[in-house]
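Understanding the architecture of this molecule
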Amino acid sequence: MQDENQRYMGYALREAQRAMDIGEVPIGCVIVSDGQIVGKAHNQRELLQDPTAHAEILAITQAAAHFQSWRLEGAKLYVTLEPCAMCAGAIILARIAEVYFGAYDPKAGVCGSLMNLLEDSRFNHNPKLYPGLLADECGALLSGFFRRIREDASQHPKPGPHRN
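The structure contained in this document is the topic of the report that follows. (Residues numbered from 1 in each chain as written. Predicted model: local features only at pLDDT ≥ 70, side-chain atom pairs only at ≥ 80, totals over all residues. Heavy atoms only, no water.)

1. Section: the packing of aromatic side chains
Cut-off, in case you're wondering: To pair, rings of Phe, Tyr and Trp, with the six-membered ring standing in for Trp, must have centres within 6.5 Å; the planes then decide the type, stacked if under 30 degrees apart, edge-to-face if over 60, and tilted in the middle. Each helix is a run of DSSP H or I of at least 4 residues and each strand a run of E of at least 2, with the numbering of both proceeding from the N terminus. Relative accessibility thresholds used throughout: buried, under 20% of the residue-type maximum; exposed, over 50%; partly exposed, between the two (1.4 Å probe, protein chains only).
Following the criterion strictly, the structure yields six aromatic pairs and no others. Judged by centre distance (5.4 Å) and plane angle (40°), the rings of tyrosine 8 and tyrosine 78 are tilted. With a gap of 70 residues between them, tyrosine 8 in helix H1 (residues 2-21) and tyrosine 78 in strand S3 (residues 76-81) connect regions that are remote in the sequence. The class of tyrosine 8 is buried, set by a relative accessible area of 3%. Aromatic pair tyrosine 78 and tyrosine 100: ring centres 4.6 Å apart, planes at 10°, arrangement stacked. With tyrosine 78 in strand S3 and tyrosine 100 in strand S4 (residues 98-103), the pair connects residues that are 22 residues apart, well separated along the chain. Given a relative accessible area of 0%, tyrosine 78 falls into the buried group.

Here it is, written out as structure tokens:
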């Protein structure tokens, strides 16, 4: 079972790489139902100029279209970074059964870092949560992306405001 989960997280990592290739923060997501990928996406916030274009949201939309239903009961979601509040809310509303994530997100993650929305018993649905799947690989992709951004910024600083 662990091999199967790692394989699906590998697909999510490929989606994250696609995001990085187009200059997006490298986060990827796949949704699996009965052994079939029914949704896959990567971050597209810059491309679409849409703050909601997170990998999880786009993959959930694809999966819902596949089933022609907003209820994704029994589905498993694999994402390379701990979901934010918006994505965790969508996961709960879609009734996704299991969530596997790679790297923790100490600044925006709500599946254990800042809080844990998915396991909050006050919600009407609580997916099973499996954190840290291929965490090193997922974290390395993100770290490398942000390191390159910092290096580019230091090599090509933007001019500051002109003062008289």
